[in-house]
Amino acid sequence: MGEKMATKIIVAVHGIGQQFTYGTIQSVAYQFCGLYGVPAGIPLGSFHAKRVGEQGALLLTKSPWPPSFKDLGFAEVYWADIPQGLVKKGNTLEETKAWARTIVERLRLLRCAAPDGLSEQDYAMVKRVLEEMIETIAVLDRLLFLADKAGIFKFDLNTLLVDFMGDVQVVTEFEDARGKILDQFGEVMQKIYNSFKQDAEIHIVAHSEGTVIAFMGLLKAMCDNPTPDWVKQVRGFMTIGSPIDKHMVLWEELWEGYQHPRWQPQPDAPIQWRNYYDNGDPVGFNLERVRDWLKNPDNGERANGKPVWRAFKFDKSDDFGFSRYYLPGKAHVDYWHDEHVFGHFIKTVVKEPLPKPPP
């Protein structure tokens, strides 16, 4: 086994927009360092070592890292390269304002097809947000055009929007690209399993659109035949700034293939799921609809009167909303610097013992 002493592997799944490879898991590792009172001296290059590539995780087992870190490994599912490839082609993704209008029309279709399925409050909120977004983009386009003509400055707003909104469009609308992303997720998880086998628990930390990918990846693994070994080692699932609920409203078809699991954890050992969201975050929210979906008797036959999806321990008490970050855009990314959010997940789910304070 050599250095492979880790018993808990923390896997990060990044969200939308431009991403540095291993930048997300570096942020997660820093949170563990902060909780343990250890200097956060983990450069990105540490994750690019050949040994890390072989085992799929960074292990901090040698000096100067304290013995308390020997149980931990850090890994990442990096998927930004797939939507970035479509952006570079320049002739595949739909222009942002045009795509947003299709979402508004999709909402109208949902209301007509199932008026009781989407509440008036949900419909009005999402419709208003999208229409305001379209109008804001149009105004900014005009202002930036004038600024460019006046020689004040030049800024390519469309490129920025495609980088961010394009990720959502790829995951939700492009089945082939979504399949590649989920395959990439599964390959990373399998590599981790192959290195550590049954010796290591897996805990997934996902942000923004990455929560959708991670959730779908878990459901897919439990529905696949044969069941991949890695999913049997997943013990914890942390979502921050998650839009899964919105995806369930707008893209119901995404979930149709995940209604009949072939394998699930034992009833006394479900995956511990914690969701965290700031009330000022325009992307993240509570995941009440997800919990309803997991309990839906239409998702397969009931066994002994219980819903078929019992893989997660995710009750209302596991959904944590708060008001701490002041700016909406900043609220969506400030989770990475929130020691209280990560401290809660680490203490209640990962359950890593903290070092004893000096006498």
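Residues numbered from 1 in each chain as written. Predicted model: local features only at pLDDT ≥ 70, side-chain atom pairs only at ≥ 80, totals over all residues. Heavy atoms only, no water.

Q: When you look at the packing of helix α1 (residues 23–36) against helix α12 (residues 339–350) in this model, what are you seeing that I'm missing?
A: Axes are the key here: two packed helices are described by the angle between their axes and the distance separating the axes. Interhelical geometry of α1 versus α12 gives an angle of 80° and a closest axis separation of 10 Å. By the criterion of interaxial angle, the relationship of α1 to α12 is roughly perpendicular. Listed contacts from α12 to Val28, Gln31, Phe32 and Leu35 of α1 are Glu339, Phe342, Gly343, Ile346, Lys347 and Val350. Residues that form the contact of α1 with α12 fall into these classes: 6 nonpolar, 2 polar and 2 charged. (Axes fitted to C-alpha atoms, helices over the stretch in contact; angles between N-to-C directions. Helix = DSSP H or I, 4+ residues; strand = E, 2+ residues; numbered from the N terminus. Parallel < 35°, antiparallel > 145°, perpendicular 65-115°, else oblique. Contact = heavy atoms within 4.5 Å. Nonpolar A, V, L, I, M, F, W, Y, C, P; charged D, E, K, R; others polar.)

Q: I'm lost on the packing of helix α7 (residues 175–196) against helix α8 (residues 209–223) in this one. Help?
A: It is at 10 Å that the axes of α7 and α8 come closest, and there the two elements cross at 75°. Judged on the interaxial angle alone, α8 and α7 are roughly perpendicular. Counting all contacts with α7, which are made through Arg178, Ile181, Leu182, Asp183 and Phe185, the residues of α8 involved are Ile213, Ala214, Met216, Gly217, Leu218 and Lys220. Its residues assigned to classes, the contact of α7 with α8 shows 7 nonpolar, 1 polar and 3 charged.

Q: What is the right way to look at the pairing of strand β1 (residues 8–13) in this model?
A: If a strand is regular, its side chains alternate between the two faces of the sheet. Across the 6 residues that make up β1, a large majority, 6, are buried. Strand direction decides the pairing type here: β1 and strand β3 (residues 72–77), joined by 6 bridges, are parallel. Directly across from Ala12, in β3, lies its bridge partner Glu76. Direction of pairing for β1 relative to strand β4 (residues 201–207): parallel, over a ladder of 6 bridges. Across the sheet, residue Lys8 finds its bridge partner in β4, namely Glu201. (Buried < 20%, exposed > 50% of the residue type's maximum accessible area, 1.4 Å probe, protein only. Pairing = 2+ DSSP bridges.)

Q: Please explain the side chain of Ser242 as it appears in this structure.
A: Assignment of secondary structure puts Ser242 in the loop between β5 (234–240) and α9 (244–250). Ser242 sits in the buried class, given a relative accessible area of 1%. Other than its neighbours up to four places away in sequence, Ser242 contacts Ser208, Thr211, Asn275, Val283, Gly284, Phe285 and Leu287.

Q: What's the story with unusual backbone geometry in this structure? I'm lost.
A: The bulk of non-glycine residues show a negative phi, and the bulk of peptide bonds are trans. Following Asn225, the chain continues into Pro226 via a peptide bond in cis, with omega recorded as 5°. On the secondary structure map, Pro226 appears in the loop between α8 and β5. Located in the positive-phi region is Lys197, a residue other than glycine, with phi close to 50°. Along the chain, Lys197 falls in the loop between α7 and β4.

Q: What's the story with α1 in this structure? I'm lost.
A: The periodicity of an α-helix, 3.6 residues per turn, causes residues three or four places apart in sequence to face the same way. Taking 1.5 Å of rise per residue, the 14 residues of α1 would be expected to cover 20 Å, and the 20 Å separating its terminal C-alpha atoms lies within 8% of that figure. Most of α1 is tucked away: 10 of the 14 residues are buried. Where α1 is concerned, the buried positions are Gly23, Thr24, Ile25, Gln26, Val28, Ala29, Gln31, Phe32, Cys33 and Tyr36. Buried residues in α1 make contact with β1, β3, β4 and α12. Of the residues trailing α1, Gly37 is marked for its positive phi of about 70°. (Expected span 1.5 Å × (residues − 1).)

Q: Before we go on, may I ask you to explain the packing of aromatic side chains in this structure?
A: Aromatic ring pairs are defined here through the distance separating the ring centres and the angle between the ring planes. Across all of its chains, the model carries 19 aromatic pairs by this definition. Note on Phe32 and Phe74: the rings are 5.5 Å apart at their centroids and 75° apart in plane angle, and the pair reads as edge-to-face. Of this pair, Phe32 sits in helix α1 while Phe74 is found in strand β3, placing the two residues 42 residues apart along the sequence. An identical accessibility class is assigned to Phe32 and Phe74; each is buried. Ring-pair connections join several aromatic residues into one group, and the members of that group are Phe215, Phe237, Trp255, Trp273, Trp293, Trp309, Phe312 and Phe314. In this arrangement the basic side chain of Arg291 is found over the ring face of Phe314, its NZ or CZ atom lying 5.3 Å from the centre. Sitting over the face of the ring of Phe322, Arg324 holds its NZ or CZ atom 4.4 Å from the ring centroid. (Phe/Tyr/Trp six-rings, centres within 6.5 Å; stacked < 30°, edge-to-face > 60°. Lys NZ or Arg CZ within 6 Å of the ring centre and 35° of its normal.)

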